[in-house]
Structure formats: C-alpha cells, structure tokens
Amino acid sequence: MRRNFYGFTLLELMVAISIFSVVSLLSMGGLNNILTTQESSEKNMLRLVRLQMIFTIMSRELQQLSSRSVRDEYGAMINAVTNGTSDGFNGIEFTHHGRFTLHDDANLQRVAYYLEGDNLVKKKWSVLDRVEDSQGEKTILLNNVDELNFSFYSINGNNSGKWQNSPVDQAESQLIAIRVTIKTVDYNKVYRVFEVSQ
C-alpha cells in the first residue's frame, strides 16, 4: 500500500526561505532609501522656509527704512544706511520704522545683518543713539552661509556694492532698492531685490 504524504520537503523550504530573505533585504534597502530621502527633503524644506522667512523680515524692515542717522558709543554719527556694521563686520546696518512700542515717537529701531564666521547674524539695538555700554541683541538666523552681499541701487540707475551717501539727502543719488545675495552651502546663491521707502 502506497501512502501519499502532503507537504514540503526540506529542500523546498530552504529555497522558499532563501527567496523570502532576498526579497526582504531588497525591500528593506528600498524602504531605508525612502526614509533617508524623506528626511533629507524635510531638512531642505525647513532650511528653505527659514531662508524665505529671513528674506521676508528683511523686506519688511527695508520697506520701512528711515532717514534717521544715529550716534555710536563714542558720539560719532552713523548714516541711516551703511554697508558694514559699526562692529566692523561686512554687512548692512540701517534704521527702520515699524518697531512696536507704546509711544508713537519711539517706533524706530537700528538693525544690522552680517556674517560672523559662517553664521548669518541679525543684531538689533534697543536704543538708537548708543552709549558706551549699549549692547545689541544678536540672533543667529542661518548657519552654513558662505557669502552675504548687498548692492545698492540709486534713483539715477547706479548699482554699487557700497553706499557712501548721507541719509537720503540728494535727489539724484537717492537710494531706491537694495539687493541682498546669500550664498549657502546647499543653495549656492539666492538673491532678492527689495524696494526701500522713499
């Protein structure tokens, strides 16, 4: 009498387990790739959102530019808009309207944007005309920044990397726009041109 056994042989089980292992390894590699790509995309998106936020803040402040000069810690006059900061960094320093205060006459604020190492820094002062112990509040806006450049456009069409003028006093050399260029490790050069208040 012949018996029929139903089931798998050991060899068939070994082949099935091997195929399952290979397919599992391939799908695990694909899943790992997807997760790495998603993490990288989220990181890049957050960095881009941060860069756009920086440009939005700069835009608001430059559109509310004031012609008010200030005095530094030693009493020397600083123009309303200067390329370079009073601390000696390469950047821009300016006075703008729009600071929220309880007094209408105190809505001006002095700010500076500059590179410190590879960090884009914003510095703001609580007073316009400083005294010896006036310290600005520094905030790091973005890291891994290679370059920060400003170009100044006057009403007569001149474009310059330097702004030497005294506060908006001569019609032919009146400042009308500022171009901000930020070069980062991941986005190369990104720039925006901001119209300034008249």
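Read on for a plain summary of the structure. If you're wondering where the values come from, they're calculated on a predicted model, not measured in any experiment. (Residues numbered from 1 in each chain as written. Predicted model: local features only at pLDDT ≥ 70, side-chain atom pairs only at ≥ 80, totals over all residues. Heavy atoms only, no water.)

### Quick look at the nonpolar core
- By size, the foremost hydrophobic cluster in this structure holds 26 residues, and its most contacted members are Leu120, Ile178 and Val180.
- Counting residues per element, the ones that place at least two in this core are helix H1 (10-63), strand E4 (91-96), strand E5 (109-116), strand E7 (137-142), strand E8 (145-154), strand E10 (175-184) and strand E11 (188-195).
- Among the elements that make up this core, the one with the highest residue count is H1 (five residues).
- In this structure Val180 touches Phe55, Met58, Leu148, Asn149, Phe150, Val190, Tyr191, Arg192 and Phe194, once residues within four positions along its chain are discounted. (Core = buried A, V, L, I, M, F, W, Y, C linked by side-chain atoms within 4.5 Å. Buried < 20%, exposed > 50% of the residue type's maximum accessible area, 1.4 Å probe, protein only. Helix = DSSP H or I, 4+ residues; strand = E, 2+ residues; numbered from the N terminus. Contact = heavy atoms within 4.5 Å.)

### Points about the packing of aromatic side chains
- Within this structure, the stated rule accounts for three aromatic pairs.
- For the pair Phe55 and Phe194, a centre-to-centre distance of 6.1 Å together with 50° between the ring planes defines the contact as tilted. Of this pair, Phe55 sits in helix H1 while Phe194 sits in strand E11; the two residues are 139 residues apart in sequence, bridging distant segments of the chain. Like Phe194, Phe55 is buried.
- Of note, Arg130 hangs over the ring of Trp125, and the distance from its end group to the ring centre comes to 3.9 Å.
- When the ring centre of Tyr191 is taken as origin, the NZ or CZ atom of Arg179, which lies over that ring, is 3.8 Å away. (Phe/Tyr/Trp six-rings, centres within 6.5 Å; stacked < 30°, edge-to-face > 60°. Lys NZ or Arg CZ within 6 Å of the ring centre and 35° of its normal.)

### Notes on the sheet that holds strand E6 (residues 119-125)
- Pairing within the open sheet is antiparallel, and its five strands lie in the order E3-E4-E5-E6-E7. The open sheet is flanked by strand E3 (81-83) and E7, the only strands paired with a single partner. Geometrically, the sheet is characterised by an average inter-axis angle of 15° between neighbouring strands, direction not taken into account.
- In the sheet, E6 pairs with E7 via five bridges, with the strands oriented antiparallel. Along E7, the bridge assignment pairs Lys122 with Thr139. (Pairing = 2+ DSSP bridges. Axes fitted to C-alpha atoms, helices over the stretch in contact; angles between N-to-C directions.)

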